[in-house]
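Single-letter residue listing:
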Amino acid sequence: MRLKPRWPGLAGFSMVTVLAVGCGGGPTPDPNLGGGDDPYAQGGTEPGGEGGTEQAPPPKPQVKKEAAEYFAQGMKRFEAKDHDGAIDLLKEAVDADDKFGPAYLNIGLAYEAKGNLDEARTWFKRASEKGKKFGAGHANLGRLYLAEGRPADAMAAFQRAIQVNPFDGTAHLHLALQAKERRDFPQAVKHVRTALKEDSQNVAAYQVLARVYYDLGRFELAKLVCEAGIHIDANAAPVHNVLGLVYLKLDDVTQAARAFEAARKADPDYVPALMNLGAITFNYRDYESSYQAFDRVTTLEPKNVEALVSKAVAARGLDRLDEAEKLYKAALALDPKHIGAHFNLGVLYQEYTSKLPEAIQTYQQVLRYAQDAELRKDVTTRIQATQIQIQALKEAEEMMKQQQPQAGEGGAG
């Protein structure tokens with residue numbers, strides 16, 4: 001099983017904003033982060049500008065004392081996953097101060113956690129309508145649009161967020177990822193640095209910056225950025241996960257495995273790390289650990305086809321052949337064109353269970369969908385070998401029949 005890097009998606013992050021009572025400027029980012037002679041980490045200007053003096057984040061607005069008290073209580077309920085209780089208290093906060101943007105935002109996040117996306121959208125919209133210079137409502141709407149497969153709407157929402165607040169971290173990090181995908185690395189770094197001006201302790205920003213350097217092939221620098229993020233939050237599972245991928249690029253498989261394991265310890269349900277850990281332990285031939293990692297993913301995400309196929313491969317390594325077959329078929333029920341599931345099911349039939357006609361039929365499905373020339377060549381060779389094997393078995397069976405004594409032959413003379 002070849003490891004395919006599993007990246008965390010920022011669109012899935014619930015970025016809960018906790019606003020302190022009173023005024024004061026935003027924290028200062030680490031001046032050494034990506035500095036020095038790095039051409040991708042020079043100081044940026046005001047977003048959208050071409051030069052001049054950098055802006056500082058706006059002062060945090062005053063919040064009425066009663067609203068702040070309700071907010072603090074509501075956030076404790078939120079952290080305890082009592083979302084209904086959090087919603088009730090946060091609504092008290094907005095009743096006490098109707099311009100309290102973060103309270104509106106976190107009501108939306110609580111509804112999102114409950115699976116009520118319609119209410120979440122309503123409160124995200126109110127967050128930016130009510131909160132002065134508060135773009136996080138637009139940014140979180142963008143997250144939902146991404147999850148719904150509406151990237152154009154998402155990017156428009158992120159742009160609206162930074163129009164309202166030029167330092168909105170959520171929006172800038174998603175825009176950084178978009179810039180990274182089109183390989184505009186200087187712009188990606190600029191977005192990250194702007195996010196850090198809003199909050200120098202924003203660990204997600206370190207994660208995104210490390211991914212930028214990873215794509216640039218600057219793995220040692222990516223490693224340093226990951227370590228800086230982990231220094232801020234030792235339980236940042238996404239950053240541990242990125243660090244594991246960086247170690248793989250540095251050919252340090254042992255440290256990579258440790259990083260993926262650290263991600264799992266920080267968050268036992270963090271799917272990207274579980275997938276990476278499952279793949280790397282499989283390559284170690286530790287099939288039981290691999291199976292357990294993929295099994296956890298399929299428990300969390302029953303329709304995760306990649307996890308089902310990977311779990312099946314691990315089950316095959318454990319000689320659980322019936323289970324492997326069922327898992328491949330479950331994956332194909334979800335995605336009938338999944339090349340990996342067809343191929344591995346064919347291997348199971350050909351090399352493990354001797355269901356040779358079924359192996360040929362399954363390999364033919366690979367040829368039906370696969371475009372990769374090397375894979376098609378491998379599968380064609382396997383089909384030919386299986387056909388020869390079937391023919392050889394038929395000939396052996398005929399020979400056995402011929403060697404058996406006919407009825408009535410032999411006996412006393």
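See the structure printed just above.
Here the structure is a predicted model, which is why all the values come from computation and not from measurement.

Things to note about the overall build of the protein
Each helix and strand counted, the protein has 19 helices and zero strands in total. Relative to its full complement of 413 residues, the protein shows a buried share of 47%. Of the contacts made within the protein by residues no fewer than 6 positions apart, 57% connect residues no fewer than 24 positions apart. If you sum the accessible surface of the protein, you get close to 20,900 Å²; carbon and sulfur atoms cover 48% of it.

Quick look at the side chain of Arg-316
Mapped onto the elements of the fold, Arg-316 is located in helix α15 (residues 305–317). Although Arg-316 is buried, it forms no salt bridge, and the closest oppositely charged side chain is Glu-351 at an N-O distance of 6.4 Å. Once you skip the residues sitting within four places of it in the chain, Arg-316 turns out to touch Leu-321, Ala-324, Tyr-328, Asn-344, Val-347, Leu-348 and Tyr-352.

Some details on helix α17 (residues 339–352)
Here α17 is 14 residues long and its end C-alpha atoms lie 19 Å apart, about the 20 Å a rise of 1.5 Å per residue gives. Counting buried residues along α17, ten of its 14 residues qualify, which places the element largely inside the surrounding structure. On its buried face, α17 is in contact with α15, α16 (321–334), α18 (356–369) and α19 (373–403). Ser-354 sits one or two positions beyond α17 and adopts a positive phi of about 55°.

Topic: the pattern of salt bridges
This structure, assessed with the given rule, holds 21 salt bridges. Measuring nitrogen to oxygen at the nearest pair gives 3.0 Å for the salt bridge that ties Glu-181 to Lys-180. Classification of Glu-181 by relative accessible area gives exposed; the value is 57%. In this structure, the salt-bridge partner of Asp-378 is Arg-382, at a minimum N-O distance of 3.5 Å.

Concerning a negative patch on the surface
Residues Glu-66, Glu-69, Asp-88, Glu-92 and Asp-95 make up a contiguous surface patch of negative charge. Counting only elements with at least two residues in the negative patch, the list comes to α1 (65–79) and α2 (83–96). The element that contributes the greatest number of residues to the negative patch is α2, accounting for three residues. Locating Asp-95 in the fold gives a position in helix α2.

Focus: the nonpolar core
Of all hydrophobic cores here, the largest spans 39 residues; its most connected members are Leu-173 and Val-192. Mapped onto this core, the elements with two or more residues apiece are α7 (169–181), α8 (185–198), α9 (203–216), α10 (219–232), α11 (237–249), α12 (253–266) and α13 (271–283). Element by element, the count of residues in this core is highest for α9, at ten residues. Judged by nonpolar contacts, the second largest core, of 38 residues, contains Val-63, Leu-144, Met-155 and Ala-171.

Focus on the packing of aromatic side chains
Aromatic ring pairs: the centre-centre distance and the angle between the two ring planes describe each pair. Scanning the entire structure with this criterion turns up five aromatic pairs. Arranged with centres 5.2 Å apart and planes meeting at 55°, the rings of Phe-282 and Tyr-287 form a pair that is tilted. Per residue, the accessibility class of Phe-282 equals that of Tyr-287, and both read buried. When the ring centre of Trp-123 is taken as reference, the NZ or CZ atom of Arg-126 above it lies at 4.4 Å. One cation-aromatic arrangement involves Arg-320 over Tyr-291; the distance from NZ or CZ to the ring centre is 4.6 Å.

Quick word on α12
The first and last C-alpha atoms of α12 sit 20 Å apart over 14 residues, in line with the 20 Å expected at 1.5 Å per residue. Among the residues of α12, those classed as buried are Ala-256, Ala-257, Ala-259, Phe-260 and Ala-263. Seen from one end, α12 has its buried residues packed into an arc of 160°, which puts them on one side. In α12, those exposed residues whose orientation departs by more than 90 degrees from the buried face are Arg-258 and Lys-265. Elements that come into contact with the buried residues of α12 comprise α11 and α13.

Rules used in this analysis
Residue positions are given per chain, counted from 1 along the sequence in the order it is written. At least 70 in pLDDT is required for a residue's local features to be given in this predicted model, at least 80 for side-chain atom pairs to be given and counted, and no such filter applies to totals for whole chains, interfaces and linings, which use all residues. Think of the side-chain values as coming from all heavy atoms in the structure, minus any hydrogens and water. The numbering of helices and of strands both runs from the N terminus, where a helix is a DSSP run of H or I of at least 4 residues and a strand a run of E of at least 2. Note on exposure labels: buried denotes an accessible area under 20% of the residue type's maximum, exposed denotes more than 50%, and partly exposed covers the range between, all computed with a 1.4 Å probe on protein chains only. Note on definitions: a residue-residue contact is assigned when non-hydrogen atoms from the two residues lie within 4.5 Å. Every accessible area reported is derived by Shrake-Rupley at a probe size of 1.4 Å, with residue values counting cover from the shown protein chains alone. Neither His nor the chain termini are counted; the positive set is Lys and Arg, and the negative set is Asp and Glu. By definition, a salt bridge exists where a carboxyl oxygen of Asp or Glu is found within 4 Å of a side-chain nitrogen of Lys or Arg. Expected span, for any helix, means 1.5 Å times one less than how many residues it has. Like-charged residues within 9 Å of one another, or nonpolar side chains (Val, Leu, Ile, Met, Phe, Trp, Tyr) within 5 Å, are grouped into patches, provided each residue has over 30% relative accessible area and no salt bridge. Throughout, a charge is located at the NZ atom of Lys, the CZ atom of Arg, the CG atom of Asp or the CD atom of Glu. By nonpolar core is meant a set of buried Ala, Val, Leu, Ile, Met, Phe, Trp, Tyr and Cys residues that side-chain atoms within 4.5 Å join together. For Phe, Tyr and Trp, rings pair up if their centres lie within 6.5 Å, where Trp contributes its six-membered ring, and each pair is then called stacked (planes under 30 degrees apart), edge-to-face (over 60) or tilted (otherwise). Consider the ring centre and the ring normal. A charge sits over the ring if Lys NZ or Arg CZ is within 6 Å of that centre and within 35 degrees of that normal. Directions from the helix axis toward the C-beta atoms define the arc.

Without other data, these values stay purely geometric and don't point to any function.
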